[in-house]
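# A look at the structure
Take a look at the letters that make up each chain.
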Amino acid sequence: MLNEKIILITDALHFLGKTGSRVMIAEGATVYAHDNAFTDAAAREKFAAEIPGVKPLAEQDPTAIVDQVIAAEGRIDVMINNDAFPALKASIDEADIGDLRNTLEALVVRGFHFAKEVSKHMKKAGQGKILFISSAAPRNGIPNYSMYVAARGGTNALAQTLAKELGRYNIQVNALAPNFVESPDYFPKELLENEAAFKKITSQIPLGRLGKQEEAGDYLLFLVSDKSNYITGQVLYFAGGWAI
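These remarks concern the structure in this document. (Residues numbered from 1 in each chain as written. Predicted model: local features only at pLDDT ≥ 70, side-chain atom pairs only at ≥ 80, totals over all residues. Heavy atoms only, no water.)

Another point: the overall build of the chain. From N to C terminus, the chain includes nine helices and seven strands. Overall, the chain is about 50 × 40 × 35 Å in size when its C-alpha atoms are taken along their principal axes. Classification of the 244 residues of the chain by burial places 47% in the buried group. When contacts within the chain are restricted to residue pairs at least 6 apart in sequence, those whose partners lie at least 24 apart make up 74%. For the chain, the exposed surface amounts to about 11,600 Å²; the carbon and sulfur share of it is 53%. Positive and negative side-chain charges in the chain, numbering 25 and 29 respectively, have mean positions lying 6 Å apart. (Helix = DSSP H or I, 4+ residues; strand = E, 2+ residues; numbered from the N terminus. Buried < 20%, exposed > 50% of the residue type's maximum accessible area, 1.4 Å probe, protein only. Contact = heavy atoms within 4.5 Å. Areas by Shrake-Rupley, 256 points an atom, 1.4 Å probe, with all protein chains shown as cover. Lys, Arg positive; Asp, Glu negative; His and termini not counted. Charge placed at Lys NZ, Arg CZ, Asp CG, Glu CD.)

Among the nonpolar cores identified, the biggest contains 35 residues, and Leu-8, Ile-76, Ile-130, Phe-132 and Val-173 are the most heavily contacted of them. Of all elements in the fold, only β1 (6-9), α3 (62-73), α4 (97-125), β5 (128-133), α6 (146-166) and β6 (171-178) reach the threshold of two or more residues within this core. At five residues, the largest contribution of residues to this core is made by α6. Ranked by size, the runner-up nonpolar core spans 29 residues in total, among them Met-24, Ala-43, Leu-176 and Leu-220. (Core = buried A, V, L, I, M, F, W, Y, C linked by side-chain atoms within 4.5 Å.)

Of the two faces of β1, both are covered, the one formed by Ile-6 and Leu-8 as well as the one formed by Ile-7 and Ile-9. Looking at chain direction, β1 and strand β2 (residues 30-33) are connected through four bridges and run parallel. From the neighbouring strand, Leu-8 faces β2, where its bridge partner is Tyr-32. In the sheet, β1 pairs with strand β4 (residues 78-81) via three bridges, with the strands oriented parallel. Of the residues in β4, the one forming a bridge with Ile-9 is Ile-80. (Pairing = 2+ DSSP bridges.)

All right, on to the pairing of β5 then. When you tally the buried positions in β5, you get six out of six residues, the bulk of the element. Side chains of β5 alternate between two faces, with Gly-128, Ile-130 and Phe-132 and Lys-129, Leu-131 and Ile-133 buried alike. Across four bridges, the pairing between β4 and β5 is parallel. The partner of Val-78 across the bridge, within β5, is Lys-129. One crossover worth recording links β4 to the parallel β5 by way of α4, and it is right-handed. Strand direction decides the pairing type here: β5 and β6, joined by six bridges, are parallel. (Right-handed = clockwise from strand over helix to strand, strands pointing away.)

This part covers α3. Spanning twelve residues, α3 covers 16 Å between terminal C-alpha atoms, matching the ideal 16 Å at 1.5 Å per step. Next to the buried residues of α3 lie β1, β2 and α4. For α3, the N-terminal capping position is held by Asp-61, with its side-chain oxygen 3.2 Å away from the main-chain nitrogen of Thr-63. Of the residues trailing α3, Gly-74 is marked for its positive phi of about 85°. (Expected span 1.5 Å × (residues − 1). Polar contact = N/O pair within 3.5 Å; in protein donor to acceptor, adjacent residues only side chain to side chain.)

This part takes up the pattern of salt bridges. Tallied over the full model, the rule gives eight salt bridges. For the salt bridge of Lys-18 with Glu-50, the shortest nitrogen-to-oxygen distance reads 3.3 Å. Of this pair, Lys-18 sits in helix α1 (residues 17-26) while Glu-50 sits in helix α2 (residues 41-50), placing them 32 residues apart in sequence. You can call Glu-50 partly exposed: its relative accessible area is 34%. Glu-215 serves as the salt-bridge partner of Arg-209, at 2.9 Å between the closest nitrogen and oxygen. With a relative accessible area of 36%, Arg-209 lands in the partly exposed category. Residue Glu-215 is classed as partly exposed on the basis of its relative accessible area of 28%. (Salt bridge = Lys/Arg side-chain N within 4 Å of Asp/Glu carboxyl O.)

Attention now goes to the packing of α4 against α6. Interhelical geometry of α4 versus α6 gives an angle of 15° and a closest axis separation of 9 Å. Classed by the angle they form, the pair α4 and α6 counts as roughly parallel. Crossing handedness for the pair α4 and α6: right-handed. Packed against α4, whose contacting residues are Asp-99, Leu-100, Thr-103, Leu-104, Leu-107, Val-108, Phe-112, Ala-115, Ser-119 and Lys-123, the element α6 presents Met-147, Tyr-148, Ala-151, Arg-152, Thr-155, Leu-158, Leu-162 and Leu-166 at the interface. Here the residues of the contact of α4 with α6 sort into twelve nonpolar, three polar and three charged. (Axes fitted to C-alpha atoms, helices over the stretch in contact; angles between N-to-C directions. Parallel < 35°, antiparallel > 145°, perpendicular 65-115°, else oblique. Left-handed = near helix turned anticlockwise from the far one by under 90°. Nonpolar A, V, L, I, M, F, W, Y, C, P; charged D, E, K, R; others polar.)

This paragraph deals with the sheet that holds strand β7 (residues 235-238). Ordered in space as β3-β2-β1-β4-β5-β6-β7, the seven strands form an open sheet in which the pairing is parallel. Single-partner strands in this sheet number two, and they are β3 (55-56) and β7.

Here it is as C-alpha coordinates:
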(Lines give C-alpha, C1' and ligand atoms only; values in the text may rest on other atoms or scores of the structure.)
Protein backbone atom coordinates (compact mmCIF):
# COMPACT_ATOMS: atom_id res chain seq x y z
CA MET A 1 0.00 0.00 0.00
CA LEU A 2 2.89 2.39 0.70
CA ASN A 3 5.07 1.17 -2.17
CA GLU A 4 8.46 1.71 -0.50
CA LYS A 5 7.69 5.27 0.59
CA ILE A 6 10.27 7.03 2.75
CA ILE A 7 8.59 8.20 5.96
CA LEU A 8 9.88 10.21 8.92
CA ILE A 9 7.96 10.14 12.21
CA THR A 10 8.66 12.06 15.42
CA ASP A 11 8.23 11.11 19.09
CA ALA A 12 8.12 7.46 18.11
CA LEU A 13 7.90 6.16 21.68
CA HIS A 14 4.71 8.12 22.30
CA PHE A 15 1.16 8.64 21.07
CA LEU A 16 0.78 6.73 17.75
CA GLY A 17 4.51 6.27 17.18
CA LYS A 18 4.87 2.54 17.72
CA THR A 19 1.58 1.58 16.10
CA GLY A 20 2.16 3.94 13.17
CA SER A 21 5.69 2.69 12.56
CA ARG A 22 4.60 -0.92 12.71
CA VAL A 23 1.69 -0.64 10.26
CA MET A 24 3.64 1.50 7.79
CA ILE A 25 6.58 -0.89 7.68
CA ALA A 26 4.16 -3.79 7.19
CA GLU A 27 2.81 -1.98 4.13
CA GLY A 28 6.22 -1.54 2.51
CA ALA A 29 7.46 1.82 3.85
CA THR A 30 10.94 2.67 5.05
CA VAL A 31 10.41 4.41 8.39
CA TYR A 32 12.91 6.70 10.08
CA ALA A 33 11.99 7.47 13.69
CA HIS A 34 12.90 10.32 16.00
CA ASP A 35 12.43 10.42 19.76
CA ASN A 36 14.05 12.43 22.51
CA ALA A 37 15.10 9.16 24.16
CA PHE A 38 17.02 8.04 21.08
CA THR A 39 20.10 9.98 22.08
CA ASP A 40 20.71 6.81 24.12
CA ALA A 41 21.98 3.91 22.02
CA ALA A 42 20.23 1.35 24.22
CA ALA A 43 16.87 3.06 23.62
CA ARG A 44 17.44 2.98 19.87
CA GLU A 45 18.39 -0.70 19.97
CA LYS A 46 15.34 -1.58 22.05
CA PHE A 47 12.99 0.23 19.68
CA ALA A 48 14.59 -1.36 16.63
CA ALA A 49 14.16 -4.80 18.21
CA GLU A 50 10.52 -4.08 19.03
CA ILE A 51 9.69 -2.68 15.56
CA PRO A 52 11.73 -4.73 13.05
CA GLY A 53 12.83 -2.66 10.07
CA VAL A 54 12.52 0.76 11.70
CA LYS A 55 15.47 3.15 11.57
CA PRO A 56 15.75 5.09 14.86
CA LEU A 57 17.77 8.31 14.74
CA ALA A 58 20.01 9.71 17.47
CA GLU A 59 19.92 13.25 16.04
CA GLN A 60 17.48 15.74 17.63
CA ASP A 61 17.68 18.91 15.55
CA PRO A 62 14.94 18.96 12.88
CA THR A 63 17.22 20.41 10.19
CA ALA A 64 19.91 17.81 10.82
CA ILE A 65 17.36 14.98 10.93
CA VAL A 66 15.82 15.91 7.59
CA ASP A 67 19.27 16.34 6.04
CA GLN A 68 20.30 12.90 7.36
CA VAL A 69 17.30 11.13 5.84
CA ILE A 70 17.68 13.00 2.53
CA ALA A 71 21.36 12.03 2.41
CA ALA A 72 20.47 8.37 2.98
CA GLU A 73 17.39 8.08 0.76
CA GLY A 74 17.33 11.07 -1.57
CA ARG A 75 13.80 12.03 -0.57
CA ILE A 76 11.15 12.10 2.16
CA ASP A 77 7.69 11.18 0.92
CA VAL A 78 5.82 11.60 4.20
CA MET A 79 6.55 13.66 7.31
CA ILE A 80 4.53 12.66 10.39
CA ASN A 81 4.70 15.11 13.27
CA ASN A 82 3.59 12.77 16.04
CA ASP A 83 4.46 15.40 18.63
CA ALA A 84 3.72 14.45 22.21
CA PHE A 85 3.80 16.48 25.42
CA PRO A 86 1.99 16.11 28.76
CA ALA A 87 -1.41 17.77 29.00
CA LEU A 88 -0.66 19.91 32.05
CA LYS A 89 -3.66 20.71 34.23
CA ALA A 90 -3.88 24.28 35.53
CA SER A 91 -6.50 26.98 35.76
CA ILE A 92 -5.68 30.09 33.75
CA ASP A 93 -4.79 32.10 36.86
CA GLU A 94 -2.45 29.35 38.10
CA ALA A 95 -0.86 28.36 34.78
CA ASP A 96 2.90 28.75 34.60
CA ILE A 97 4.10 30.76 31.59
CA GLY A 98 7.19 28.60 31.38
CA ASP A 99 4.98 25.53 31.06
CA LEU A 100 3.05 27.27 28.29
CA ARG A 101 6.25 28.03 26.39
CA ASN A 102 7.44 24.43 26.75
CA THR A 103 4.07 23.12 25.54
CA LEU A 104 4.10 25.39 22.49
CA GLU A 105 7.71 24.50 21.74
CA ALA A 106 6.95 20.78 21.76
CA LEU A 107 3.57 20.81 20.02
CA VAL A 108 3.80 23.76 17.62
CA VAL A 109 7.32 25.10 17.12
CA ARG A 110 9.07 21.78 16.53
CA GLY A 111 6.40 20.59 14.10
CA PHE A 112 6.66 23.91 12.27
CA HIS A 113 10.43 23.44 12.10
CA PHE A 114 10.13 19.94 10.63
CA ALA A 115 7.52 21.11 8.11
CA LYS A 116 9.76 24.02 7.11
CA GLU A 117 12.72 21.74 6.43
CA VAL A 118 10.91 18.88 4.72
CA SER A 119 8.78 21.12 2.51
CA LYS A 120 11.90 22.39 0.72
CA HIS A 121 12.62 18.90 -0.56
CA MET A 122 8.99 18.02 -1.24
CA LYS A 123 8.59 21.14 -3.39
CA LYS A 124 11.55 20.06 -5.53
CA ALA A 125 10.11 16.55 -5.81
CA GLY A 126 6.67 17.87 -6.74
CA GLN A 127 4.93 15.67 -4.20
CA GLY A 128 4.71 14.84 -0.52
CA LYS A 129 2.53 14.57 2.54
CA ILE A 130 2.83 16.28 5.92
CA LEU A 131 0.64 14.88 8.68
CA PHE A 132 0.28 16.43 12.11
CA ILE A 133 -1.02 14.05 14.76
CA SER A 134 -2.64 16.55 17.08
CA SER A 135 -5.85 16.37 19.11
CA ALA A 136 -9.60 16.86 18.90
CA ALA A 137 -9.44 18.86 22.15
CA PRO A 138 -9.61 22.31 20.45
CA ARG A 139 -12.95 21.34 18.90
CA ASN A 140 -14.73 21.37 22.27
CA GLY A 141 -12.21 22.82 24.71
CA ILE A 142 -11.29 21.27 28.04
CA PRO A 143 -11.44 23.47 31.17
CA ASN A 144 -8.14 23.77 33.07
CA TYR A 145 -6.14 22.45 30.12
CA SER A 146 -5.85 25.71 28.21
CA MET A 147 -2.09 25.38 27.54
CA TYR A 148 -2.44 21.98 25.89
CA VAL A 149 -5.64 22.81 24.01
CA ALA A 150 -4.21 26.10 22.71
CA ALA A 151 -1.11 24.34 21.42
CA ARG A 152 -3.09 21.63 19.67
CA GLY A 153 -5.33 24.30 18.17
CA GLY A 154 -2.25 26.02 16.79
CA THR A 155 -1.13 22.79 15.17
CA ASN A 156 -4.54 22.21 13.58
CA ALA A 157 -4.52 25.76 12.19
CA LEU A 158 -0.98 25.26 10.90
CA ALA A 159 -2.05 22.16 8.97
CA GLN A 160 -4.92 24.03 7.31
CA THR A 161 -2.73 26.99 6.38
CA LEU A 162 0.12 24.89 5.00
CA ALA A 163 -2.37 22.90 2.92
CA LYS A 164 -3.30 26.08 1.06
CA GLU A 165 0.31 27.22 0.79
CA LEU A 166 1.75 23.94 -0.42
CA GLY A 167 -1.12 22.52 -2.45
CA ARG A 168 0.21 23.88 -5.75
CA TYR A 169 3.32 21.75 -5.21
CA ASN A 170 1.18 18.59 -4.86
CA ILE A 171 1.88 18.43 -1.13
CA GLN A 172 -1.05 17.36 1.04
CA VAL A 173 -1.14 18.59 4.64
CA ASN A 174 -3.63 17.29 7.19
CA ALA A 175 -4.09 16.87 10.92
CA LEU A 176 -5.21 13.58 12.43
CA ALA A 177 -6.91 14.68 15.63
CA PRO A 178 -7.52 11.87 18.12
CA ASN A 179 -9.04 11.99 21.57
CA PHE A 180 -9.83 9.15 23.96
CA VAL A 181 -7.50 6.67 22.27
CA GLU A 182 -5.79 4.00 24.34
CA SER A 183 -2.31 5.31 25.18
CA PRO A 184 -0.21 5.15 28.35
CA ASP A 185 0.68 8.80 27.74
CA TYR A 186 -2.88 9.85 28.55
CA PHE A 187 -4.56 6.77 30.03
CA PRO A 188 -2.10 4.90 32.28
CA LYS A 189 -2.93 1.37 33.37
CA GLU A 190 -3.88 2.36 36.92
CA LEU A 191 -6.45 4.82 35.58
CA LEU A 192 -8.04 2.29 33.24
CA GLU A 193 -8.25 -0.24 36.06
CA ASN A 194 -10.15 2.27 38.24
CA GLU A 195 -13.75 1.39 37.40
CA ALA A 196 -15.24 4.70 38.57
CA ALA A 197 -12.62 6.78 36.73
CA PHE A 198 -12.96 4.72 33.55
CA LYS A 199 -16.74 5.07 33.63
CA LYS A 200 -16.43 8.83 34.05
CA ILE A 201 -14.08 9.07 31.08
CA THR A 202 -16.10 6.92 28.71
CA SER A 203 -19.39 8.60 29.69
CA GLN A 204 -18.24 11.61 27.62
CA ILE A 205 -17.81 9.51 24.47
CA PRO A 206 -20.90 8.82 22.35
CA LEU A 207 -19.53 5.41 21.35
CA GLY A 208 -18.96 4.61 25.03
CA ARG A 209 -15.39 3.32 24.77
CA LEU A 210 -11.80 4.32 24.12
CA GLY A 211 -10.46 4.03 20.60
CA LYS A 212 -7.95 1.28 19.95
CA GLN A 213 -4.41 1.89 18.78
CA GLU A 214 -4.98 -0.46 15.85
CA GLU A 215 -7.98 1.59 14.70
CA ALA A 216 -5.94 4.78 14.84
CA GLY A 217 -3.16 3.02 12.95
CA ASP A 218 -5.52 2.13 10.11
CA TYR A 219 -6.65 5.76 9.87
CA LEU A 220 -3.04 6.97 9.84
CA LEU A 221 -2.19 4.43 7.14
CA PHE A 222 -4.93 5.78 4.89
CA LEU A 223 -3.80 9.37 5.38
CA VAL A 224 -0.17 8.68 4.43
CA SER A 225 -1.06 6.51 1.44
CA ASP A 226 -1.88 7.54 -2.13
CA LYS A 227 -5.54 6.83 -1.36
CA SER A 228 -5.69 10.24 0.36
CA ASN A 229 -4.14 12.25 -2.46
CA TYR A 230 -7.23 14.44 -2.86
CA ILE A 231 -7.57 15.17 0.85
CA THR A 232 -5.77 18.22 2.22
CA GLY A 233 -6.32 20.97 4.75
CA GLN A 234 -8.49 18.76 6.95
CA VAL A 235 -8.58 18.30 10.70
CA LEU A 236 -9.78 14.71 10.77
CA TYR A 237 -11.27 13.78 14.13
CA PHE A 238 -10.87 10.35 15.66
CA ALA A 239 -12.70 10.63 18.95
CA GLY A 240 -15.69 8.30 19.04
CA GLY A 241 -18.15 11.10 18.40
CA TRP A 242 -16.86 13.43 21.13
CA ALA A 243 -15.66 16.08 18.66
CA ILE A 244 -19.05 17.12 17.30
